[in-house]
Amino acid sequence: MGFEQISVIDGDTISETDLGRQSLYSRNDLGFNKAETCRNKIEELNGLKNVVSYNFYLDSYNIEEILSGSDIVLDGTDSIRTRELINEYSVKKGIPWIMTASYGDMGQIKFIFPEKTSCLGCMINGRNLIPMNCHYDSVEPYAPQGVSVLSTSMIASFLSGKQVSGDLMFIEFGKMSVERIRIDINPGCSVCAGHEYPLLEDKKIKGRQIY
Ligand SMILES: [Zn+2]
């Protein structure tokens, strides 16, 4: 897609249960780090050496070093805390990002462009959400694949200058339906209106933060 550099961040290793829905990986990769293996596979596929991998989890210590200067951030995490951390950083630095999630045969995608669309904080609005992720139930193999196709095409649209909506896309693959839920900018949002960044400043947000 013409990127100068792609940074892949993941502290996790490849396990048997990943193979059905993470098609980049095979049995030979079991036990290896996901980000490094991803970089190696992309190099193998197209010969490009523009993928940088970080074999640890994003947290409030390393986020500046890793995400600083990014044109766009794609979230594929399984942690609501990590998403909130990305949201704070994105709003603070004005970097657009795409939140994605998969659960069962469903998917969620939301484009967040600080000052132009609502942010994750506008959506959560102080509630303690039970996140949609694979730790609570099974994920059908096609759900993350579908979310991945839609979110990468969203990146292509955005980077080619097209208008991208900040609606929450709620996809039910089993029903082949996409619902667009309008999320307005919340004037009471502590992140994008109040410019409060408690997670960025909280040095306890270290490593994987699932809940
Ligand atoms: Zn907001």
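Scroll up for the structure.
Residues numbered from 1 in each chain as written. Predicted model: local features only at pLDDT ≥ 70, side-chain atom pairs only at ≥ 80, totals over all residues.

Notes on the overall build of the chain
- Scanning the chain from terminus to terminus reveals six helices and seven strands.
- Helices and strands appear in the chain in the N-to-C order β-α-β-α-β-α-β-β-α-α-β-β-α.
- Taking 2.2 N^0.38 as the reference for a compact globule, 211 residues should give roughly 17 Å; the C-alpha atoms of the chain span a radius of gyration of 17 Å, in line with that estimate.
- Referenced to the eigenvectors of the C-alpha coordinate spread, the extents of the chain come out at roughly 50 × 40 × 35 Å.
- Taking all 211 residues of the chain together, 28% fall into the buried category.
- Put simply, of all contacts in the chain between residues at least 6 apart along the chain, 66% involve residues at least 24 apart. (Helix = DSSP H or I, 4+ residues; strand = E, 2+ residues; numbered from the N terminus. Rg over C-alpha atoms; globule rule 2.2 N^0.38 Å. Buried ≥ 20, exposed ≤ 12 C-beta atoms within 10 Å, placed from the backbone. Contact = placed C-beta atoms within 7 Å.)

As for the nonpolar core
- Core analysis: the biggest nonpolar cluster contains 31 residues, and L85, W97, I98, M99, I112, C119 and C192 have the highest contact counts within it.
- Secondary structure elements with two or more residues in this core: α1 (34-46), α3 (80-93), β4 (97-103), β5 (106-112), α4 (120-124) and α5 (142-159). (Core = buried A, V, L, I, M, F, W, Y, C linked by C-beta atoms within 7 Å.)

Brief notes about the pairing of β5
- Most of β5 is tucked away: six of the seven residues are buried.
- The pairing of β4 with β5 spans seven bridges and is classified as antiparallel. Residue T100 lies in a different strand from β5, and its bridge partner there is I109.
- Between β4 and β5, which follow one another and run antiparallel, lie two residues, and G104 among them has a positive phi close to 55 degrees. (Pairing = 2+ DSSP bridges.)

Overview of α5
- The end-to-end C-alpha distance of α5, which contains 18 residues, comes to 26 Å, matching closely the 26 Å that a straight helix rising 1.5 Å per residue would cover.
- Every buried residue of α5 is listed here: A143, P144, V147, S151 and M154. Looking straight down α5, one finds that the buried residues subtend no more than 85 degrees of arc, so they occupy a single side. For α5, exposure combined with an orientation more than 90 degrees from the buried face picks out V149, S153 and A156.
- For α5, the elements touching its buried residues are β3 (73-74), β4 and β5.
- In the segment just after α5, G161 is the residue with positive phi, at about 90 degrees. (Expected span 1.5 Å × (residues − 1). Arc of directions from axis to C-beta.)

Observations regarding the sheet that holds strand β6 (residues 168-172)
- Taking strand neighbours across the sheet as the criterion, the five strands line up as β3-β4-β5-β6-β7 in an open arrangement whose pairing is mixed. Here the strands that pair on one side only, and so sit at the sheet edges, are β3 and β7 (177-181).
- Packing against the sheet, α5 makes contact with β3, β4, β5 and β6, and its axis sits at approximately 20 degrees to β5. (Axes fitted to C-alpha atoms, helices over the stretch in contact; angles between N-to-C directions.)

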